[in-house]
Amino acid sequence: IDGHEWQQLFDQHLLRLRTFHLKMKLELPGSDYEVEQRVDELLDSFRTPYWTEQRRWYVQCDWESSEIVTHAYLYTLPFAFNAVNYLQDYRTKSTCAVIDREMQTHDYSYDLVQTFENNVRKSLYLHKFNELCSRFRNLHCLDIILPIDTNIHSCGTLLNQLTSLTARIQISTGYCQLQRLCERAPRLYALRIIFWRKFIARLFQLTSKSIRRLELGGMLSWSDTFTKDECVAFTGSPLGQDCEVLT
């Protein structure tokens, strides 16, 4: 459904409508050129005087190219939803050039986002972590693979609001970054760790002043069991001593 169709629905059935919040997930087949053409056509349907002058409702489209199908999200600005889906290497276009420029300097448009969702495996790699920290300034829930290709100390004020973290540890150095994340997240209450068994000893060395809820699991279904000695080691670890809820 495009901007013309939305306008027709509003004019015929929603005559009292004053506020409109939209988020649509799209699958766009074709080459990169064909996909961009489709995005331009879709955005043009929201560039009519009805949208930009009468209503002053603006939309943005983010899309990530794929060999099979391109995944895209079309949404109104400011972004009015609690959760956002991350696209790793994406392009973006908007119906408002001013807002586009502000997007590049991480304006207010995503301040309502509290949960960062990862629905595609490759999207878990946050190579643009600095951008994430600046754009989504009020995140409460975060899901990432560690280590990431950036300096944790450059994450700005993002971690000040963080209460729940899912960390998927790929290699042993991921625990070093996880420790720094814990140290910079004063409100972090819940920690979910997905780990490889060969690095499990590093788990027992983690410390946090705020974490009270833990969920521990293996990368593979057969790797999420603990031996008796590991259970004993966990109960004596800093996280184990402060744990109130364990899964």
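Details of the structure are given in the entry above.
About the criteria used
- Think of each chain on its own: its residues are numbered from 1, step by step along the sequence as written.
- In keeping with the predicted nature of the model, local features appear solely for residues at pLDDT of at least 70, side-chain atom pairs appear and are counted solely at 80 or more, and the whole-chain, interface and lining totals rest on all residues.
- Hydrogens are left out, water is left out, and the side-chain values use all remaining heavy atoms of the structure.
- For helices the rule is a DSSP run of H or I covering at least 4 residues; for strands it is a run of E covering at least 2, with both sets numbered from the N terminus onward.
- We define a polar contact as two N or O atoms separated by no more than 3.5 Å, with the added condition that, inside protein, one atom must be a possible hydrogen donor and the other a possible acceptor, whereas residues neighbouring each other in sequence contribute only through side-chain atom pairs.
- When two rings of Phe, Tyr or Trp (its six-membered ring) have centres within 6.5 Å they constitute a pair, described as stacked for plane angles under 30 degrees, edge-to-face for angles over 60, and tilted for the intermediate range.
- Charge-over-ring contacts are defined here by two conditions on Lys NZ or Arg CZ: a distance within 6 Å of the ring centre and an angle within 35 degrees of the ring normal.
- Two strands pair if DSSP finds at least two bridges between them.
- Axis definition: a line fitted to C-alpha atoms, limited for helices to the stretch in contact. Angles are taken between N-to-C directions and run from 0 to 180 degrees.
- We call two residues in contact when some of their heavy atoms are within 4.5 Å.

1. Details of the side chain of D62
Part 1 of the argument: Positionally, D62 belongs in strand β2 (residues 58-64).
Part 2 of the argument: There is a polar contact of 3.3 Å between the side chain of D62 and the side chain of Q60.
Part 3 of the argument: Engagement of the side chain of D62 in a polar contact is seen with the side chain of T92, the distance being 2.5 Å.

2. Quick look at the packing of aromatic side chains
Part 1 of the argument: Applying the stated criterion across every chain yields a total of 15 aromatic pairs.
Part 2 of the argument: Ring-pair connections join several aromatic residues into one group, and the members of that group are W6, F10, F20, F46, Y50, W51 and W57.
Part 3 of the argument: The ring centre of F81 lies 5.1 Å from the NZ or CZ of K23, which sits over that ring.

3. So, the sheet that holds strand β1 (residues 23-28)
Part 1 of the argument: Spatial ordering of the open sheet is given by β1-β3-β2-β5, a layout of four strands whose pairing is antiparallel. Every other strand in the sheet has two partners, leaving β1 and β5 (91-94) as the edge strands with one partner each. Shown here is a sheet whose adjacent strand axes are inclined to one another by a mean of 20°, direction ignored.
Part 2 of the argument: Sheet topology places β2 next to β5; four bridges connect them, and they run antiparallel. Residue Q60 lies in a different strand from β5, and its bridge partner there is S94.
Part 3 of the argument: Running over the sheet, helix α2 (residues 32-44) touches β1, β2, β3 (70-77) and β5 and is turned about 170° from β2.

Function cannot be inferred from these measures alone, as they are strictly geometric.
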